[in-house]
Amino acid sequence: MKVDIEESWKSKLSEEFEQAYFKNLAKFIRTEYKENQCFPPGKLIFSAFNHCPLSKLKVVIIGQDPYHGPGQANGLCFSVNNEVPHPPSLINIFKEIESDIGKPVPNSGNLERWADQGVLLLNATLTVRAHSAGSHQKKGWEKFTDAVIKTISEEKEGVIFLLWGGFAKSKTKLIDSSRHYILTSGHPSPLSANRGFWFGNKHFSKANQILSNNGKKPIIW
């Protein structure tokens with residue numbers, strides 16, 4: 001696995017790449033991509049970082065696993081490639097945006113446009129085997145992405161963390177809440193959203209209000 005990651009991240013995470021767990025992870029990923037169909041494509045594994053340099057980061061959204069269907073995953077959590085139908089969680093995200101700030105549901109589910117504005121769309125596990133949800137969990141990715149969250153917490157100030165669902169909320173312990181903003185709600189998946197834990201959280205307007213209050217440019221969701 002080639003670590004093709006943007007320079008500001010590379011300098012802060014270089015120690016992680018040298019650790020035994022990461023070398024073992026890289027070896028596992030190389031074998032998996034050679035022997036099985038895996039997602040996202042190898043060159044997109046670190047897309048979340050490459051679209052959102054540490055210096056520009058304003059908001060963090062944490063997902064769990066990449067989509068495991070053909071052509072869906074593009075290295076950004078909840079995001080899909082252009083022309084790909086919106087998955088259920090993404091549909092609910094767009095519905096909440098429409099309800100919250102009045103922006104119509106877009107045709108494209110590709111969230112690169114968010115990432116390029118300073119939204120880190122971070123999956124805890126950055127790869128997956130096709131049609132096998134969770135297949136690359138507990139191989140080292142979580143240790144790496146926890147280090148990413150800690151790095152953001154230590155290196156930045158005033159970052160807004162949007163933590164949706166129990167898994168994302170479990171990352172609260174890695175974040176210094178005296179330096180950053182943490183907004184939590186249920187997960188946008190239909191199971192959670194239909195039980196009333198997602199809709200109405202107004203996270204998108206709240207995040208933009210915080211950014212405006214701090215003299216930063218709001219996100220065009």
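Quick look at the structure, then. (Residues numbered from 1 in each chain as written. Predicted model: local features only at pLDDT ≥ 70, side-chain atom pairs only at ≥ 80, totals over all residues. Heavy atoms only, no water.)

Bringing the pairing of strand β2 (residues 59-63) into the picture now. Burial runs high along β2: five of the five residues are buried. Residue alternation in β2 divides its side chains into two sets, V59, I61 and G63 and V60 and I62, and both sets are buried. Pairing between β2 and strand β3 (residues 119-123): five bridges, direction parallel. Across the sheet, residue V60 finds its bridge partner in β3, namely L120. Relative to strand β5 (residues 160-164), β2 runs parallel, the two being bridged by three bridges. Along β5, the bridge assignment pairs V59 with I160. (Buried < 20%, exposed > 50% of the residue type's maximum accessible area, 1.4 Å probe, protein only. Helix = DSSP H or I, 4+ residues; strand = E, 2+ residues; numbered from the N terminus. Pairing = 2+ DSSP bridges.)

Take the packing of aromatic side chains next. Under the criterion given, the structure shown has 17 aromatic pairs. Measuring from centroid to centroid gives 6.3 Å for F46 and F144, while their planes differ by 85°, and the two rings are edge-to-face. Here the residue F46 occupies a position in the loop between β1 (38-39) and α3 (47-51), and F144 occupies one in helix α6 (residues 141-155), the gap between them amounting to 98 residues. F144 carries the same exposure label as F46, and that label is buried. Taken together through their ring pairs, the aromatic side chains of W9, F17, Y21, F22, F46, F49, W141 and F144 make up a single cluster. In this arrangement the basic side chain of K143 is found over the ring face of Y21, its NZ or CZ atom lying 5.2 Å from the centre. (Phe/Tyr/Trp six-rings, centres within 6.5 Å; stacked < 30°, edge-to-face > 60°. Lys NZ or Arg CZ within 6 Å of the ring centre and 35° of its normal.)

This part takes up the sheet that holds β5. Overall, parallel pairing links the four strands, which are arranged β3-β2-β5-β6 in an open sheet. In the strand order of this sheet, the two ends are held by β3 and β6 (181-185), each with one partner. On average, each strand axis in the sheet is tilted by 20° relative to the strand beside it, whichever way the strands run. Here α6 sits on the sheet in contact with β2, β3 and β5, set at roughly 155° to β3. (Axes fitted to C-alpha atoms, helices over the stretch in contact; angles between N-to-C directions. Contact = heavy atoms within 4.5 Å.)

Direction vectors running N to C along helix α1 (residues 7-18) and α6 enclose 135°, while the axes themselves pass 11 Å from each other. Taken as axis vectors, α1 and α6 run oblique relative to one another. Handedness of the α1/α6 crossing: right-handed. Taking contact as the criterion, the partners of W9, K12, L13, E16 and F17 in α1 are, on α6, F144, A147, V148, T151, I152 and E155. Considered class by class, the residues forming the contact of α1 with α6 number seven nonpolar, one polar and three charged. (Parallel < 35°, antiparallel > 145°, perpendicular 65-115°, else oblique. Left-handed = near helix turned anticlockwise from the far one by under 90°. Nonpolar A, V, L, I, M, F, W, Y, C, P; charged D, E, K, R; others polar.)

Over its twelve residues, α1 extends 16 Å from the first C-alpha to the last, a length consistent with the 16 Å expected when each residue adds 1.5 Å. Restricting attention to buried positions, one finds in α1 the residues S8, W9, L13, E16 and F17. All buried residues of α1 fall inside an arc of 130° around its axis, so they share one side. The exposed residues of α1 that point more than 90 degrees off its buried face are E7, E15 and E18. (Expected span 1.5 Å × (residues − 1). Arc of directions from axis to C-beta.)

A side chain with one charge may pair with a side chain of the opposite charge, provided their charged atoms come close. In this structure the tally under the stated criterion is five salt bridges. One salt bridge connects K171 with D146, and the closest N-O pair in it is separated by 2.7 Å. Taken together, the residues K171 in the loop between α7 (165-169) and β6 and D146 in helix α6 connect sequence positions 25 residues apart. Put simply, R179 and E157 hold a salt bridge, and the shortest N to O gap is 3.9 Å. Here the residue R179 occupies a position in the loop between α7 and β6, and E157 occupies one in the loop between α6 and β5, the gap between them amounting to 22 residues. On the basis of relative accessibility, which here comes to 27%, the residue R179 falls in the partly exposed class. (Salt bridge = Lys/Arg side-chain N within 4 Å of Asp/Glu carboxyl O.)

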